[in-house]
Amino acid sequence: MKTTNPVYTNLSMTIFEVMSRLAIEHDAINLGQGFPDVDGPDDVKRLAAEELTSGLNQYPPMMGVVELRQAVAAANARFHGLDIDWQGEVLVTSGATEALSDCMAALIEPGDEVVAVEPLYDCYLPLIRRAGATPRLVRLTPPDWRLDPAMLAAAFGARTKAILINDPMNPAAKAFTDDERALIADLVIKHDAYAICDEVYEHIVFDGRRHHPLMTLPGMRERAVRIGSAGKTFSLTGWKVGYVTAAPRLLDPITKAHQFTTFTTPPNLQKAVAYGLAKGDDYYRGLAGDLERKRDRFAAGLVDLGLPVVPCAGTYFISCDISSLGFADDVSFCRTMTVEAGVAAVPMSAFYDRDGPKNFVRFCFSKRDEVLDEAIGRLSAWLARRDRASA
Ligand SMILES: Cc1ncc(COP(=O)(O)O)c(C=O)c1O
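Residues numbered from 1 in each chain as written. Predicted model: local features only at pLDDT ≥ 70, side-chain atom pairs only at ≥ 80, totals over all residues. Heavy atoms only, no water.

Trainee: So what exactly am I meant to see when it comes to the packing of helix H12 (residues 281-304) against helix H14 (residues 369-390) here?
Mentor: Relative orientation and spacing of two packed helices are given, respectively, by the angle between their axes and the distance between those axes. Relative to each other, H12 and H14 sit at 10 degrees, their axes nearing to 10 Å. In terms of axis orientation, H12 runs roughly parallel to H14. Facing Lys294, Arg297, Phe298, Gly301 and Leu302 of H12, the residues of H14 in contact are Asp369, Leu372, Asp373, Ala375, Ile376 and Leu379. Among the residues forming the contact of H12 with H14, the class breakdown is six nonpolar, one polar and four charged. (Axes fitted to C-alpha atoms, helices over the stretch in contact; angles between N-to-C directions. Helix = DSSP H or I, 4+ residues; strand = E, 2+ residues; numbered from the N terminus. Parallel < 35°, antiparallel > 145°, perpendicular 65-115°, else oblique. Contact = heavy atoms within 4.5 Å. Nonpolar A, V, L, I, M, F, W, Y, C, P; charged D, E, K, R; others polar.)

As structure tokens, then:
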């Protein structure tokens, strides 16, 4: 029989699936997958339920319901000072993942190059490759995740169509600095490229930080595409409601890709997200504050166990250095930890195309305190057992 498309056919089972299966098999606490174990605001959920039962459940407008497009434009103004036309510059998608896929399909042509920064969120490389483009990877490494200006500049060239950038960044938990953003913007402009900005964690930044979209930099309003996700902003990851903000020239082809991919997103969820986006500052402060406390709680537990943590500026994730434990690599550590300790995490090397660092693992801390404490307790008991066995 004829071959199927190699981009997807040749993908082996991802380490995420391997770890999740192993976690189920061994009844492990799964700190591998990135989702909160408590749902977001009740009033947002209630509104979605009401809209489901009393509202219309037919195809909503292709670009998204009016209320949500207006709310996304209003949120852009409120949080980032961006003046966005809700009618021509906002598109609602079925999650940020669909938005990323639409952007790749609409902006990238075969033969293009797309600059992307390792460690990478898992769908980036398949989407770039399926669009017929070549990824030009710039590598950041823990613990400082510093962006090397020379390496970034070297990744851009005559064939660069876009940079795909995730800020705040999963899995590195890095927020790009103002200097780094300025550098990225300069290169994008110099090479007449676009910036596809995955900013799903824009409201999950810690220690008094504020997220600054690349789109707000001089010259980037027309070149940047900004992607957000209600899943992250309202701790409702199963809803898969995303939104794209871009100038009309870019949004127009992205909308066409969306038209022939999902066409729409459930109207009741859109209406509830529109309501949620207008929530007061206390909601947004609470979201980041709660997660910051969880970060601190879990980080303190890891440090007490002798596992140094990598700075975490935002997102759901924190990484730690496992060098002192004597494992061959991060993959064997994660497998053994899942089976013997009953705690699952993800090896950092899985987020690199090849040859990633092998002594860091990523934990998701957006879980109830008792779950985090139980995970630390299990790790502590496991490490003590290992110490006794090797004594
Ligand atoms: C960096 C990043 N981008 C995109 C997504 C996907 O977002 P959504 O669930 O809205 O498709 C995630 C989810 O974990 C993510 O971490």
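Trainee: Got a minute to help me understand the layout of surface pockets in this structure?
Mentor: To find the voids left in a structure, one rolls a probe of water-molecule size over its atoms. Quantified by volume, the largest pocket comes out at close to 650 Å³. For the largest pocket, the lining is made up of 33 residues, of which Gly34, Tyr121, Asp122, Asn170 and Lys232 are closest to its centre. Counting only elements with at least two residues in the lining of the largest pocket, the list comes to helix H2 (15-25), helix H5 (95-107) and helix H9 (230-233). Its residues assigned to classes, the lining of the largest pocket shows 14 nonpolar, 13 polar and six charged. The space that makes up the second largest pocket amounts to roughly 540 Å³. Forming the boundary of the second largest pocket are 25 residues, of which Leu11, Thr14, Asp122, Pro126 and Ala350 lie nearest the centre. Counting residues per element, the ones that place at least two in the lining of the second largest pocket are helix H1 (6-9), H2 and helix H6 (124-130). The dominant element in the lining of the second largest pocket, judged by the number of residues it contributes, is H6, at four residues. When the residues that make up the lining of the second largest pocket are grouped by side-chain class, the tally is 15 nonpolar, four polar and six charged. (1 Å grid on protein atoms, 1.4 Å probe; cavity = no way out; pocket = protein on both sides within 12 Å on 5 of 7 lines; lining within 4 Å. Points joined across faces, edges and corners; volume = space filled by probe spheres on them.)

Trainee: Help me understand the sheet that holds strand S4 (residues 134-139), please; the structure alone is not making it clear to me.
Mentor: Taken together, the seven strands give an open sheet; going across it, the order is S2-S8-S7-S6-S5-S3-S4, and neighbouring strands pair in mixed fashion. The strands lining the two open edges of the sheet, one partner per strand, are strand S2 (90-93) and S4. Taking each pair of neighbouring strands and ignoring which way they run, the sheet shows an average axis angle of 20 degrees. In this sheet, strand S7 (residues 224-229) lies alongside strand S6 (residues 194-198) in parallel orientation, the contact comprising four bridges. The partner of Ile196 across the bridge, within S7, is Val225. (Pairing = 2+ DSSP bridges.)

Trainee: Got a minute to help me understand the side chain of Thr245 in this structure?
Mentor: Along the chain, Thr245 turns up in strand S8 (residues 242-245). For Thr245, a relative accessible area of 2% puts it in the buried group. Excluding anything up to four places from it in sequence, Thr245 contacts Val72, Asn76, Ile84, Glu89, Met215, Ala224, Val225 and Arg226. (Buried < 20%, exposed > 50% of the residue type's maximum accessible area, 1.4 Å probe, protein only.)

Trainee: Explain the sheet that holds strand S9 (residues 317-321) here, please?
Mentor: Strand pairing within a sheet occurs via backbone hydrogen bonds; the two strands may be parallel or antiparallel. Read from one edge of the open sheet, three strands run S9-S12-S11, paired in antiparallel fashion. Looking at strand neighbours, the two that pair on one side only are S9 and strand S11 (346-347), the edges of this open sheet. Bridging between S11 and strand S12 (residues 360-364) involves two bridges; their strand directions are antiparallel. Among the inter-strand pairings, Pro347 is bridged to a residue of S12, identified as Val361. Seen against the sheet, helix H13 (residues 330-341) touches S11 and S12 and runs at an angle of roughly 45 degrees to S12.

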